[in-house]
Amino acid sequence: MSENISMTATPEPPAIDTLFEQSMRDIEIPPCPDILNNIMEEARKSEPDFNRLASLIKADVSLSAGLIKTVNSPYFGMRRRVGTIHDALIVLGLDVSKRAIAGIVLRDIFPVTPAMERFWDASARIARISGWLAQKLQLPGLLPEDAYTLGLFRDCGIPVLLLRFPDYDKVLGIANSNAQHSFTSVEETVLPTNHAMVGCILAQSWWLPEELCLAIRNHHDLPILQSAESRLPMLSRRLIATAQLAEHILQHECALSSTQEWPKLGATCLRLLNLQEEDLEQLYAEGRPIAEATE
Amino acid sequence: MKGIDSLTGFLDRSGCLRTATQLVRDLAASGQPLAVLWFNLDRFKQVNESFGHIGGDSVIADIAIRFRARTSGRAELSRMGGDEFVCLVPECDRIQAQQLARELMNTVEEPLTVGDLVLHPTASVGIAIYETGEDPLELLERADRAMFASKGKGGNSIVISGDEPVPGRLGILLAREELSIENSLHTAFETGGFHLHYQPILRADGSIEAVEALMRCTVNNQTISPGKFIPVAEKTGLITRLGEWSLLQGALQARTLRDAGCPTKVAINISRAQLVSPKFSNALHAALLCANIQPDLIELELTESLFMDISETVQKNLKSAIKAGISLAIDDFGTGYSCLANLKDIPARKLKLDRTFVTVLPDDSRALAVVQAVTQLGRNLGMTVVAEGCETQKQNDALLNVGVDAIQGYLHAYPMPGEDLIAWIQERKQP
């Protein structure tokens, strides 16, 4: 299968191809991007300097465009439209700004390949549907900006593993079609870890809120999601359920590659979101334009 | 009579509040302390159920007599209803209040006859000390809450208001100081307030054996010592996140050092909570993958008791780390059980001798004998022996004399931020 891909999509001579692969594998995952460190440095002060932060963000054109777009996205959950970075910081506050910016810079640390582009496009759609669902469902504590951020970060372990293990795409294929075992346990038959744990470690290192990190870590873990005794906070559970439902709506409406996650986790997710099976039809219909929209 | 409890002759609830208000007013003028002791008899409901209310009343009346005898005019006594008594004690500070509470608990415990049965009652006590400007009702409520906390501990105990455990952000019961530390930990998580500092460990020839990663926490420009925040992190479960965070940071530091041309092993401390988790191995490998580092540049430091944990998960986790090529070190050796029979089975390559043996060198000949013997033993078992906490040249000489392989301590280097560490290592490389 990989031979086919290299014949059609990457016509480079094998030597360069190997070098390219090697350099991809050496790509460093930053401990915490500088811009996030700068925001937190200001947040630690009693009077944060918004002007300083705004000029730091403005220095990066794509970051500032991304931030304005995120803040003004109806799915991020902010009611006020903003025109400037300074306003965005004021409206969002430093904590939410940090989350929005983390979501934007996350994508930039990985190399641009067609497969990665498809992956990020799906994540962005899941994020938008998640944000919309959180607004619609109005469950206590479940904020659109958190649901949106989880949508972006939930599977960020996948690109890391794609970089490190050349055959990881095959593992993904097997895990996606396995209807019996959890996604992560299928990964662990081949790898010493799984994408949920890698994503959690990355999110922790970027200082995302605890509930989000725990949601990333446990998003395929049905027993933990179901158990009343597990110490997984209700917010994390609901975030997981929201993203899972968002993914399901996306797959249902856009006929994207279907996974076995909804058959495995769907019933529990619906329960966590106080929804019934009958509610799904309406959600599919209402969610379709969001799932189909291009950014 | 209004304001008086008919069974005991003490003040009743309204009388108590009126008196408390009066005392608080007097106090504001005099500046003297005022203590409120709130008593509740343990398992009194069973007395009532077994002997009826008449039996219960006789117990209450009996205990009231004892209270009156013991306080002899030192305190205003009230019965708040049921089996609850309040003592308002003027000119009584925290320590005196505790003494009085203990005296009164002793008197409660004296055997008491109801019908043909002998009871040994106990009481739960909450204490509140008046704080300037406080409302008398609030003062009484604080004492009541403290009594409740005492009940929560199983009764027959004293809790002082301010010390009682309260649910923290994660819903775990914590004392006030712990609560404030828990809040700081959450703030530190939100604002990136954690850092790792690295302390070099030097071999006898001056080369670097490894660096140990040590956690630091800064919140609102204030540093919280690891001795304070780590126990709270352990209690609240936040230690898992902290531990995993330091795994990745330590691994990233190892990568930075390697890329800077000075590959150095980074030793990372692992807590019990991490090691007993079935996900430990996953997290460890996730950190290695993210940092993209060879496992032989990482060392895990564990206390001896963790190696002795025979649970399947712990043993599996240890094996998985070793299989990956990560080396293990026994931390703080000599302070735990230090069972020599087990030492031979521990899969560690390094033994870190606790600082308590080092700080008393070279004068303490007995400590020196222990250091010497352990060093010999470690070496015979094929381990590298490291001494921790070396602060003086004399200690250093004594340690080298007995053949310790490597030394860690302020004498050679204080723990330092990652950026300074590279400069420190490179400086040493200069001829």
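Keep in mind that what you see is a predicted model, and the values were worked out from it rather than measured.

Draft legend 1. Molecular detail of the overall build of chain A. Along the backbone of chain A there are 17 helices and 0 strands. Expressed as a percentage of its 295 residues, the buried residues of chain A come to 54%. The contacts of chain A with a sequence gap of at least 6 include a subset with a gap of at least 24, amounting to 68%. Total accessible area on chain A is roughly 13300 Å²; 55% of this is exposed by carbon and sulfur atoms.

Draft legend 2. Layout of the layout of surface pockets. Counted as a void, the second largest pocket has a volume near 1000 Å³. For the second largest pocket, the lining is made up of 37 residues, of which Glu 210, Leu 214, Arg 231, Leu 232 and Pro 233 of chain A are closest to its centre. Taken together, the elements giving at least two residues each to the lining of the second largest pocket come down to α6 (85-108), α13 (210-218) and α15 (234-254) of chain A together with α5 (176-191) and α7 (238-259) of chain B. Among the elements that take part in the lining of the second largest pocket, α13 of chain A stands out by supplying 6 residues, more than any other. Each residue belonging to the lining of the second largest pocket can be placed in one class, and the counts come to 16 nonpolar, 8 polar and 13 charged.

Draft legend 3. Up close: α13 of chain A. Counting buried positions along α13 of chain A gives 8 out of 9 residues, so the element sits mostly inside the fold. Looking only at α13 of chain A, the buried set comprises Glu 210, Leu 212, Cys 213, Leu 214, Ala 215, Ile 216, Arg 217 and Asn 218 of chain A. For α13 of chain A, the elements touching its buried residues are α6, α8 (144-153), α12 (195-205), α14 (222-226) and α15 of chain A together with α7 of chain B.

Draft legend 4. Spotlight on the sheet that holds strand β1 (residues 34-41) of chain B. Residues and elements named next belong to chain B. Strand order in the open sheet formed by 5 strands is β2-β3-β1-β6-β7, with mixed pairing between adjacent strands. Two strands lie at the open edges of the sheet, namely β2 (76-81) and β7 (158-160), each paired on one side alone. Taken pair by pair, the neighbouring strands of this sheet meet at an average axis angle of 20°, ignoring direction. Relative to β7, strand β6 (residues 123-129) runs parallel, the two sharing 3 bridges. Pairing of Val 125 across the sheet is with Ile 158, part of β7. Most of the contacts of helix α2 (residues 44-71) go to β1, to which it runs at about 150°, and overall it touches β1, β2 and β3 (84-90).

Draft legend 5. Structural context of unusual backbone geometry. Of note, the bond from Leu 361 of chain B into Pro 362 of chain B is cis; its omega dihedral lies within 30 degrees of zero at 0°. Inspection of the secondary structure puts Pro 362 of chain B in the loop between α13 (355-358) and α14 (365-380). In this structure, Trp 207 of chain A takes a positive phi of about 60° despite not being glycine. What makes Trp 207 of chain A buried here is its relative accessible area of 5%.

Draft legend 6. Quick peek at the confidence of the model for chain B. On average, residues of chain B carry a pLDDT of 90, and 99% of them reach 70 or more. Across the assembled chains, the prediction reports ipTM 0.85 with pTM 0.77.

Draft legend 7. Examining the nonpolar core more closely. Within the largest apolar cluster, 176 residues are counted, with the highest numbers of intra-cluster contacts made by Trp 206 of chain A together with Phe 194 and Leu 300 of chain B. Looking at which element gives the most residues to this core, the answer is α6 of chain A, with 12 residues. Of all hydrophobic cores here, the second largest spans 33 residues; its members include Val 59, Phe 85, Cys 87 and Ile 158 of chain B.

Draft legend 8. Molecular detail of helix α11 (residues 312-324) of chain B. Residues and elements named next belong to chain B. For α11, with 13 residues, the first-to-last C-alpha span of 18 Å sits near the 18 Å given by 1.5 Å per residue. Within the span of α11, buried status applies to Val 314, Asn 317, Leu 318, Ser 320 and Ala 321. Projection of α11 onto a plane perpendicular to its axis shows the buried side chains occupying an angular sector of 160°, all on one side. In α11, those exposed residues whose orientation departs by more than 90 degrees from the buried face are Glu 312, Lys 316, Lys 319 and Lys 323. At its buried positions, α11 is contacted by α8 (272-275), α9 (280-291), β14 (298-303), α10 (304-308) and β15 (327-333). Phi turns positive, to about 100°, at Gly 325, one or two residues after α11.

Draft legend 9. Molecular detail of the pairing of β2 of chain B. Residue and element names in this part refer to chain B. Bridge count between β2 and β3: 5 bridges; the pairing is antiparallel. Each residue of the ladder has a partner; that of Ser 78, found in β3, is Val 86. Taken together, β2 and the strand that follows it, β3, pair antiparallel across an intervening segment of 2 residues, in which Gly 82 is found at a positive phi of about 50°.

Draft legend 10. Fine view of the domain arrangement of chain B. You can read the domains of chain B as domain 1 (13-167) and domain 2 (190-429). Relative to domain 2 of chain B, the C-alpha centre of domain 1 of chain B lies at a distance of 50 Å.

Draft legend 11. Seen up close, the confidence of the model for chain A. For chain A, mean pLDDT is 86; residues scoring 70 or higher make up 89% of the total. Throughout residues 1-14 of chain A the model reports pLDDT below 50, and contacts reaching past four residues in sequence, or to other chains, amount to 3 contacts.

Draft legend 12. Local environment of the packing of aromatic side chains. Summed over the entire model, instances satisfying the criterion amount to 13 aromatic pairs over all chains. When the centroid spacing of 5.9 Å and the interplanar angle of 80° are considered together, the rings of Phe 153 of chain A and Trp 206 of chain A count as edge-to-face. Here Trp 206 of chain A lies in the loop between α12 and α13 and Phe 153 of chain A lies in helix α8, a separation of 53 residues in the sequence. On the basis of relative accessible area, Phe 153 of chain A is assigned to the buried category, the value being 0%. Considering the side-chain rings of Trp 207 of chain A and Trp 245 of chain B, the 5.4 Å spacing of their centres and the 40° angle between planes classify their relative orientation as tilted.

Draft legend 13. How the structure looks around the packing of α5 of chain B against α7 of chain B. All names here are of chain B. Relative to each other, α5 and α7 sit at 35°, their axes nearing to 12 Å. Both α5 and α7 take part in a crossing whose hand is left-handed. Facing α5, whose interface residues are Glu 182, Leu 185, His 186 and Phe 189, α7 presents Leu 238, Arg 241 and Leu 242. Partitioned by chemical class, the residues of the contact of α5 with α7 number 4 nonpolar, 1 polar and 2 charged.

Draft legend 14. Spatial organisation of the pairing of strand β17 (residues 384-387) of chain B. Residue and element names in this part refer to chain B. Pairing between strand β16 (residues 350-353) and β17: 4 bridges, direction parallel. Its bridge partner being in β17, Lys 350 is matched across the sheet by Thr 384. The sheet contact formed by β17 and strand β18 (residues 406-408) spans 2 bridges and is parallel. Directly across from Ala 387, in β18, lies its bridge partner Ile 407.

So, how was this worked out
- Residues numbered from 1 in each chain as written.
- Chains lettered and ligands numbered in written order.
- Predicted model: local features only at pLDDT ≥ 70, side-chain atom pairs only at ≥ 80, totals over all residues.
- Heavy atoms only, no water.
- Helix = DSSP H or I, 4+ residues; strand = E, 2+ residues; numbered from the N terminus.
- Buried < 20%, exposed > 50% of the residue type's maximum accessible area, 1.4 Å probe, protein only.
- Contact = heavy atoms within 4.5 Å.
- Areas by Shrake-Rupley, 256 points an atom, 1.4 Å probe, with all protein chains shown as cover.
- 1 Å grid on protein atoms, 1.4 Å probe; cavity = no way out; pocket = protein on both sides within 12 Å on 5 of 7 lines; lining within 4 Å.
- Points joined across faces, edges and corners; volume = space filled by probe spheres on them.
- Nonpolar A, V, L, I, M, F, W, Y, C, P; charged D, E, K, R; others polar.
- Pairing = 2+ DSSP bridges.
- Axes fitted to C-alpha atoms, helices over the stretch in contact; angles between N-to-C directions.
- pLDDT = per-residue confidence, 0-100.
- Core = buried A, V, L, I, M, F, W, Y, C linked by side-chain atoms within 4.5 Å.
- Expected span 1.5 Å × (residues − 1).
- Arc of directions from axis to C-beta.
- Domains from an automatic or database assignment.
- Phe/Tyr/Trp six-rings, centres within 6.5 Å; stacked < 30°, edge-to-face > 60°.
- Left-handed = near helix turned anticlockwise from the far one by under 90°.

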